[in-house]
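The primary structure of each chain is shown beneath.
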Amino acid sequence: MTRRGILLLVSGFVVVALVFAWVAFRGTSVDAVEVRIAPLVRTIQFSARVATLSRVDVGSTLTGRVAQVLVREGDVVRQGDALIRLESDELRAMLEQAVASERQAQARLEGIRTSGRLSAQAAVAQADATANAARAEMERAQQLVAQGFVSASRVDDARRALDVAQAQQASARALLQANADTGTDAIQAHSQLAAARAGATAARAKLEQMVLRAPSNARVLSRDAEPGQIVQPGRALVGLAMEGPTQLKAQVDERFLEQLQPGQKAMVVADAFADQRFAAHVLSIAPAVDAQRGAVEVKLALEQQPPAFLREDMTLSVEVETARHARVLVLPLAALRGSVSGDGTSVLVQSEGRAQERQVRLGLRTLESVEILQGLAEG
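Computed from a predicted model, the values in this text were never measured in an experiment.

Colleague: Looking at this structure, how should I read the side chain of Thr-246?
Modeller: Tracing the backbone shows Thr-246 in the loop between strand 9 (236-242) and strand 10 (247-253). Here Thr-246 is in contact with Val-50, Ala-51, Leu-300, Ala-301, Leu-302, Pro-306 and Leu-310, once residues within four sequence places are set aside.

Right under this line is the structure:
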């Protein structure tokens, strides 16, 4: 190798060494952020479902055949509206029979109070007159026997006639007593009328049960009956969501339980209507945690009338604001070193073109940013 070649080779090694040295002493280039004062808001996001305060399954208390189904799923019904009608021809006939029995018992009682009582009074008067005549006849017979005009057998005949008249008199008075308001015939007639009325009332009640009605203002959620179908007691035929405040129910991971409080504001959105957000607030937090899911039930109430597109059991996305600081030093979480949840947290601070480690104390944390309480200043 010539002298010039050796010089070129040595020069190349020197240049390479200088480059490696410069790179080694220069350090690593990193992106820097500037500490700023800004508002910091912490939120929790989770899924919830639409739920009314109560649901009711309406069914028949009698066995019967469905004649009409008067509602469809989604219909809004008012209290007392007919939902389903069952065939009721047999019960109508039973009601007519019960009403006829009631009228018959009423007529008998009225007859006892009017014509029966008058007839009994007339019978008593007639029996009294007959008894008085028989008594007078016996007295005359006794006088004639004493005077010797007739035999003693005449007195015996008169006494028997008087006994018969007195027995008839007692019977007539007993009948009059029975027809009185407190008499046995009147009491029996009252009892028969009460039984007939009870039978008619029971028949009307059964006939009314052949029409299934809404117990309150509600929305129809399900319909499980069709005309001609035989239904049995205890089977749900129509599912109703009772009218009342619409609530949202969610199962939230118990890790966030400390951050949740009743009254916190929330924003809600449905995936199918992403441009129609609406406001809500935390209504209540269940006192117990579901051990199987490790979650706690949270209920939210709407701030205004529910949107028309809301449906029972619809899935919604909820974002609850759990904390808000208006003006704090904010730093991205990516800038932190060490433990974020305890002591020993630090950041690298630029000083004279190089990074120096500095301890900081943290405050409110979100998924992306953190509040700096001590260790840094704005800028």
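Colleague: Sorry, what's going on with the sheet that holds strand 8 (residues 230-231) here?
Modeller: What holds strands together in a sheet is hydrogen bonding between their backbones, with the strands either parallel or antiparallel. The four strands are arranged 6-5-3-8 in an open sheet whose pairing can be described as antiparallel. In this open sheet, the two edge strands, each paired with only one partner strand, are strand 6 (211-213) and strand 8. Where strand 3 (residues 64-69) meets strand 5 (residues 82-86), three bridges bridge the pair, whose relative direction is antiparallel. Looking across to strand 5, one finds that Gln-68 is bridged to Arg-85.

Colleague: Please explain the packing of aromatic side chains as it appears in this structure.
Modeller: Remark: the centre distance and the inter-plane angle together describe each pair of aromatic rings, the angle taken between the planes. Counted by the stated rule, this structure contains two aromatic pairs. For the ring pair Phe-273 and Phe-309, a centre distance of 4.2 Å and an interplane angle of 15° mean the geometry is stacked. Of this pair, Phe-273 sits in strand 12 (residues 273-290) while Phe-309 sits in the loop between strand 13 (295-302) and strand 14 (315-332), placing them 36 residues apart in sequence. Phe-309 gets classed as buried once you look at its relative accessible area, which sits at 9%.

Colleague: Looking at this structure, I do not really get the pairing of strand 13. What am I missing?
Modeller: For a regular strand, side chains alternate in direction, first toward one face of the sheet and then toward the other. Judged by how many residues are buried, strand 13 sits mostly within the fold: six of eight residues are covered. Across seven bridges, the pairing between strand 10 and strand 13 is antiparallel. Paired with Lys-249 across the two strands is Lys-299, which belongs to strand 13. Counting the residues between successive antiparallel strands, the hairpin from strand 12 to strand 13 contains four residues, one of them, Gly-294, with a positive phi of roughly 65°.

Colleague: How should I be thinking about the sheet that holds strand 9 in this particular structure?
Modeller: Judged by pairing direction, the sheet is antiparallel, and its four strands sit side by side in the order 2-9-7-4 without closing on themselves. Each edge of the sheet is formed by a strand with only one pairing partner; in this case those strands are strand 2 (55-59) and strand 4 (76-77). Pairing geometry for strand 4 and strand 7 (residues 218-223), over two bridges, is antiparallel. The residue bridging Val-77 from the neighbouring strand is Ala-218, located in strand 7.

Colleague: Please explain the pairing of strand 10 as it appears in this structure.
Modeller: Two elements, strand 1 (residues 36-51) and strand 10, share three bridges in a ladder whose sense is antiparallel. The residue bridging Ala-51 from the neighbouring strand is Gln-247, located in strand 10.

Colleague: It is not clear to me how the side chain of Thr-322 should be interpreted in this structure. Could you clarify?
Modeller: Take Thr-322: it is sitting in strand 14. If sequence neighbours within four positions are ignored, Thr-322 has contacts with Arg-42, Thr-43, Ile-44, Gln-259, Leu-260 and Gln-264.

Colleague: Explain the pattern of salt bridges to me, please; I cannot follow it from the model alone.
Modeller: Inspection of every chain in the model, using the stated rule, returns eight salt bridges. Here Glu-87 ties to Arg-65 by a salt bridge, and the two come within 3.6 Å at their closest N and O atoms. One end of the pair, Glu-87, is in the loop between strand 5 and helix 2 (89-147); the other, Arg-65, is in strand 3, with 22 residues separating them in the sequence. Among the residues examined, Glu-87 registers a relative accessible area of 43% and is labelled partly exposed. Between Glu-321 and Arg-324 there is a salt bridge; the shortest N-O distance is 2.9 Å. Given a relative accessible area of 27%, Glu-321 falls into the partly exposed group.

Colleague: What should I look at first to understand the nonpolar core in this one?
Modeller: The biggest cluster of nonpolar side chains holds 26 residues, and the ones touching the most others in it are Leu-83, Ile-84, Val-238 and Leu-240. Only strand 3, strand 5, helix 2, helix 4 (184-209), strand 7 and strand 9 provide two or more residues apiece to this core. Not counting the four nearest positions on each side in its chain, Leu-240 is found in contact with Ser-54, Arg-55, Val-56, Val-58, Leu-83, Ala-214, Pro-215, Ala-218, Arg-219, Val-220 and Leu-221.

Colleague: Explanation requested: unusual backbone geometry in the structure shown.
Modeller: Backbone geometry places Asp-313, a non-glycine residue, at a positive phi of 70°. Within the secondary structure layout, Asp-313 lies in the loop between strand 13 and strand 14. Of the residues examined, Asp-313 reaches a relative accessible area of 37% and is grouped as partly exposed.

Scoring rules and cut-offs
- Residues numbered from 1 in each chain as written.
- Predicted model: local features only at pLDDT ≥ 70, side-chain atom pairs only at ≥ 80, totals over all residues.
- Heavy atoms only, no water.
- Helix = DSSP H or I, 4+ residues; strand = E, 2+ residues; numbered from the N terminus.
- Contact = heavy atoms within 4.5 Å.
- Pairing = 2+ DSSP bridges.
- Phe/Tyr/Trp six-rings, centres within 6.5 Å; stacked < 30°, edge-to-face > 60°.
- Buried < 20%, exposed > 50% of the residue type's maximum accessible area, 1.4 Å probe, protein only.
- Salt bridge = Lys/Arg side-chain N within 4 Å of Asp/Glu carboxyl O.
- Core = buried A, V, L, I, M, F, W, Y, C linked by side-chain atoms within 4.5 Å.

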